[in-house]
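# Breakdown of the fold
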Amino acid sequence: MSPTPVLRLHNITKRFGSLVANDAISFDVREGEVVALLGENGAGKTTLMNILFGHYVADEGTVEAFGKVLPAGDPNAALAAGIGMVHQHFTLADNMTVLENVALGTQSLWAPRLDRKEASSRIRALAQGFGLVVDPDATIGRLTVGERQRVEILKALYRDARILILDEPTAVLTPGEAEALFRTLKLLVAKGLSILFISHKMHEVTAISDRVLVLRGGKLVGERKTNETDSRAMAALMVGGEIASPKVEAVQRGSVRFALSQVSARPPAGVPLNNLTLELHGGEIAGLAGVSGNGQATLAALMAGTIAPSSGTIAVDGREARSWTPRAALGAGIGRVPEDRHAVGSIGDMTVAENVISERYRTRRFSRFGFLDWTAARRFAEELVRDYDVKCPSPDARIRLLSGGNMQKLILGRALDGDPPVILANQPTRGLDVGAVAYVHSRLLQARKRGAAILLISEDLEEILALSDRVYVMSKGRLSSPSARGERSVSELGELMAGRSEDALHAA
Amino acid sequence: MEAFEILLQTSFWVAAIRIASPLIFATMGELICERAGVLNLGIEGIMVAGAFAGWVTVYGGGDLWTGVVVAALVGAAFGLLHATLTVPLGLSQHVVGIGITLFATSLTYFTYRLVLPQVSSPPKIEPFTPLPIPSLSEIPLVGQALFAQTPLTYLAYAVVAVTAWVLYRTPLGLAVRAAGENPSAVEAQGISVAAIRIGAVMVGSALMAIGGAFLTMSAFNSFFFEMVNGRGWIAIALVVFGSWRPGKALLGAVLFAAFDAFQIRLQQISGGIVPYQVFLMMPYILSIAALILVARRATYPKALMVPYQKGER
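Residues numbered from 1 in each chain as written. Chains lettered and ligands numbered in written order. Predicted model: local features only at pLDDT ≥ 70, side-chain atom pairs only at ≥ 80, totals over all residues. Heavy atoms only, no water.

As annotated in an unreviewed UniProt entry, chain B carries the name ABC transporter permease and comes from Tianweitania sediminis. Entered under Subcellular location (unreviewed entry) in the UniProt record, the comment concerning chain B runs "Cell membrane". (UniProt positions renumbered as here; feature names shortened; annotations may be inferred.)

The name given to chain A in an unreviewed UniProt entry is ABC transporter ATP-binding protein, with Tianweitania sediminis as the source organism. UniProt, in its Subcellular location (unreviewed entry) section for chain A, records the words "Cell membrane". Of chain A, the UniProt comment under Sequence similarities (unreviewed entry) reads exactly: "Belongs to the ABC transporter superfamily."

In structure tokens, the structure reads:
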């Protein structure tokens, strides 16, 4: 490995008010090296990247690329210096073609016409050279997520990037697509590019990087050679202490508490479901794996009562529901943790107390003769804050001021209140830090222990495998047969997630 | 069937294209703004201001083309005001747009009174005159309609062609379309989203003002209150009707104008049995029907009305 540093960060400090997002961070990336930047949400990874790329101006410190200091706050300078960035949220215009997206900004804005021929032949050459197959004339909106990411990488390569920064690149990929991405990255490194890989997933970091940098609370707290450390040590460094992995105790499988039989649903937008049958047993966590956009949202909406089935029946604890509305679902005893805690799970500008009673304000507990009982509401909020260890100044604080983890704990508390027999946990830990994730998991396992039937929907296969007694895979609106703990390997599940049929899987 | 005979009259099609011309300018102007991600509800007021600016320039002794340029500059100035409030400051595009319409309209009327304090009937100017294009204008039916118009109408044709070319064939157009779809794509490629959006709103507003100027300089020959009469709002509907594409929007403008020309002629032959207001309503009812049929599944620019802040995702 060549020792020349191609990218050097020196003493970068960035403050937002009293918060120090980056505290005197210095490191370098050498030619042909893959450096992983590991850290929890809020550790300062995104801020650092935004500084690197010129979106933010650092309060102190400099960024050097190939020995030259980059002017602060100028994305053009970063691009010109050969820094390419693949954002977590793709920066692609969906209504334009691959070629148009790649060529955007590479030709003079005052040119009388776009040189498509030149762009097209260069894209084809790059695509072949790096195994990034895409049709230059395809519209972005019609591509799969994996293909879109290839376009993002092509965009950087088209601009002769020598340093590639990838921000949580696998968050949206299937395991198969992630494998393909890693192969591409290895090819890039072989051709002399350097890569800065930002992630909070340990196994990826181990798989791809040469060196790991760990960020915590805005500070660089550790630097290790990947082959000289292990996941446990890195996790401990990232969190600042040991995190106990959830202990899944053996629990007696109970009776069927929630059943969908031959249910079809046509949501106004989204993936329709046809003749779906699903039984959730008490004392069990059923995990639903799948790439988002394959019908999980429809199933969740169905379970939460926000859409009604067009045919088929829903039964909770053996009682068939006659009409299915959000109120019916709540009344039947379904605890709901929605996928998006900001858009669906809470009303940002209303108070903590108002939010925690929002599913139950009609009951005698919180209202009398049409008037709300604020004392009871505040008392309930205080109980949740205490029982769920929520950091929150008062029941009258607006809920949007809470961090994601604290907000999620409140939502979880609201859903679990009264020990519902059935729990829908849709992406319950998305975007949470390791500590909050462990807490949410322990609460779900507690509910399992007392006999609740839980459906855990997650895009994080590791989470599914760690908690679930049975795993289902959803693809294109269809549900696979369940597999018991450990029955199917990660790669088999990945194949199912990518849409291969179970028969094909058995034949192989 | 007198009603159908109207469709075969040359004078009907000549009128249709004349009525369409200001709508074409305004629709292209709005389309450019929206393609960059900014809804410009200032259009109605900007057209009023443009109508007055062009007219008063000529009334004060300037020549006709100077009037057009002045109108465009006034439009661009209002565009800059709109863009300053909505792009870097990220204020509500609805509120700012309506504010600009009220402000531009009132300022124009006020200025009119300052310039002409004593006048009861507005003075006329010498307008653009039809300039038939040799041989092209001799094609039966369409020749007179398309090629025996005033130079401003020809300019409208050119504006559509240039808008379509720039949007779809040039690097600049790529940046404008990307700014309306996903501004972070523009930022990531090192282009300033704010510059693209401000520029688009200024150019678009200049075109709206020329559309207004057409009314005073190529149609009515003088300026009076309420003369724009909702044409700006129609242009906004035409952009949707055209699915944000210049060619389809042009078609929409001509179609609407044809309805309008048609209803005027229907009024004349109906002989007063049907109240004339019914006919006045017709183009609007038909355009709502057309919107329902055509634009229900329109794919609008995804970042339309979404303010963009640097570094935010």
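Now that the structure has been shown, the text picks up again.
## Looking at the pattern of salt bridges
All names here are of chain A. The final tally for this structure, using the stated rule, is 32 salt bridges over all chains. Ionic pairing is found between R211 and D28, a salt bridge with its closest N-O pair at 3.9 Å. In this pair, R211 is assigned in strand β9 (residues 211-216) and D28 in strand β2 (residues 19-30), connecting sequence segments 183 residues apart. Take D28: its relative accessible area is 19%, and that puts it in the buried class. Residue R386 pairs with D387 through a salt bridge whose shortest N-O separation is 3.8 Å. Here R386 falls in the exposed class, since its relative accessible area comes to 58%. By relative accessible area, which is 40% here, D387 ends up partly exposed. Overlapping salt bridges, with partners in common, bring together R8, D28, E33, R211 and E223 in one network. (Salt bridge = Lys/Arg side-chain N within 4 Å of Asp/Glu carboxyl O. Helix = DSSP H or I, 4+ residues; strand = E, 2+ residues; numbered from the N terminus. Buried < 20%, exposed > 50% of the residue type's maximum accessible area, 1.4 Å probe, protein only.)

## Quick look at the interface of chain B and chain A
Contacts between chain B and chain A engage 26 residues on the former and 37 residues on the latter. Where chain B touches chain A, the interface holds two salt bridges. Residues D94(A) and K302(B) are paired through a salt bridge, measuring 3.1 Å at the closest nitrogen-oxygen approach. Across the contact surface, chain B and chain A share 12 residue pairs in polar contact (both at pLDDT 80 or more). Listed by contribution, the elements that provide at least two residues to the side of chain B that touches chain A are α7 (151-169), α8 (171-181) and α9 (183-188) of chain B. Among the residues making up the side of chain B that touches chain A, the classes are represented as 12 nonpolar, six polar and eight charged. (Contact = heavy atoms within 4.5 Å. Polar contact = N/O pair within 3.5 Å; in protein donor to acceptor, adjacent residues only side chain to side chain. Nonpolar A, V, L, I, M, F, W, Y, C, P; charged D, E, K, R; others polar.)

## Some details on the domain arrangement of chain A
Residues and elements named next belong to chain A. Here chain A is described as being made up of domain 1 (5-239) and domain 2 (256-342 + 419-507). Each of domain 1 and domain 2 was reduced to a C-alpha centroid, and the two centroids are 34 Å apart. Domain 1 puts eight residues into the contact, and the matching count from domain 2 is 11 residues. Carbon and sulfur atoms supply 64% of the area that domain 1 and domain 2 bury against each other, a total of about 710 Å² over both sides. Along the contact surface separating domain 1 from domain 2 lie zero salt bridges. Applying the counting rule to domain 1 against domain 2 returns zero residue pairs in polar contact (both at pLDDT 80 or more). Of the residues belonging to the side of domain 1 that touches domain 2, the class tally is four nonpolar, three polar and one charged. (Domains from an automatic or database assignment. Buried area = accessible area lost by both parts, 1.4 Å probe.)

## Some thoughts on helix α9 (residues 296-304) of chain A
Residue and element names in this part refer to chain A. Counting buried positions over the nine residues of α9 gives eight, a clear majority of the element. Among all positions of α9, only Q296, T298, L299, A300, A301, L302, M303 and A304 are buried. Two residues or fewer past α9, G305 is found with a positive phi of approximately 90 degrees.

## Thoughts on the side chain of T108(B)
In this fold, T108(B) is placed in helix α5 (residues 93-115). Beyond its immediate chain neighbours, meaning those up to four positions away, T108(B) contacts V48(B), A49(B), F52(B) and F223(B).

## Details of a nonpolar patch on the surface
Residue and element names in this part refer to chain B. A cluster of nonpolar side chains, contributed by Y59, L81, F103, L107, F110, L114 and V115, occupies part of the molecular surface with about 640 Å² of accessible area. Among the elements that take part in the nonpolar patch, α5 stands out by supplying five residues, more than any other. With respect to the helices and strands, the residue L114 is situated in helix α5. (Patch = residues over 30% accessible without salt bridge, like charges linked within 9 Å, V, L, I, M, F, W, Y side chains within 5 Å. Areas by Shrake-Rupley, 256 points an atom, 1.4 Å probe, with all protein chains shown as cover.)

## A closer look at the UniProt feature "transmembrane region" (unreviewed entry) in chain B
All names here are of chain B. Here the UniProt feature "transmembrane region" (unreviewed entry) sits at residues 6-26, 38-58, 64-83, 95-112, 146-168, 194-217 and 273-295. End-to-end, the C-alpha atoms of residues 95-112 are 26 Å apart, and along that stretch the chain is 100% helix and 0% strand. End C-alpha to end C-alpha, residues 194-217 measures 34 Å, and it is 100% helix and 0% strand.

## Thoughts on the sheet that holds strand β12 (residues 273-281) of chain A
In a beta sheet, neighbouring strands pair by backbone hydrogen bonds and run either parallel or antiparallel. Residues and elements named next belong to chain A. Ordered in space as β12-β11-β14-β15, the four strands form an open sheet in which the pairing is antiparallel. Each edge of the open sheet is held by one strand with a lone partner, namely β12 and β15 (319-320). As paired strands, strand β11 (residues 256-265) and strand β14 (residues 311-316) are joined by five bridges and run antiparallel to one another. Across the sheet, F258 pairs through a bridge with V316, a residue of β14. (Pairing = 2+ DSSP bridges.)

## Quick look at the UniProt feature "domain: ABC transporter" (unreviewed entry) in chain A
Look at the UniProt record and you will see "domain: ABC transporter" (unreviewed entry) annotated at residues 7-242 and 251-501 of chain A. Here residues 251-501 of chain A runs as 31% helix and 24% strand, with 31 Å between its end C-alpha atoms.

## Some points on the environment of A161(B)
Tracing the chain through its elements places A161(B) in helix α7. Note: C-alpha distance between A161(B) and G247(B) (86 residues apart in sequence) is 8.4 Å.

## Section: the packing of aromatic side chains
Inspection of the entire model under this criterion finds 20 aromatic pairs over all chains. A ring pair is formed by Y112(B) and F225(B), whose centres lie 5.6 Å apart and whose planes are at 65 degrees; its orientation type is edge-to-face. Of the two residues, Y112(B) sits in helix α5 while F225(B) sits in the loop between α10 (193-219) and α11 (231-241), which places them 113 residues apart along the sequence. Aromatic side chains F220(B) and F224(B) sit 5.7 Å apart centroid to centroid with 65 degrees between the ring planes, which places their arrangement in the edge-to-face category. Residue classification places F220(B) among the partly exposed residues on the basis of a relative accessible area of 34%. Here the aromatic cluster, defined as three or more aromatic residues joined through ring pairs, consists of F52(B), W55(B), Y59(B), Y109(B), Y112(B), F223(B) and F225(B). Its end group placed over the ring of Y158(A), R122(A) keeps NZ or CZ at 4.2 Å from the ring centre. Of note, K191(A) hangs over the ring of F130(A), and the distance from its end group to the ring centre comes to 4.7 Å. (Phe/Tyr/Trp six-rings, centres within 6.5 Å; stacked < 30°, edge-to-face > 60°. Lys NZ or Arg CZ within 6 Å of the ring centre and 35° of its normal.)

## Here we look at the pairing of β9(A)
Residue and element names in this part refer to chain A. Burial of β9 is extensive: five of the six residues sit out of reach of the surface. With five bridges connecting them, strand β3 (residues 34-39) and β9 associate as parallel partners. Bridged to G39 within β9 is L215. With six bridges connecting them, β9 and strand β10 (residues 219-225) associate as antiparallel partners. Following the sheet pairing, R216 is matched in β10 by K219. Following β9, the chain reverses through two residues before pairing antiparallel with β10; G217 in that reversal takes a positive phi of roughly 55 degrees.

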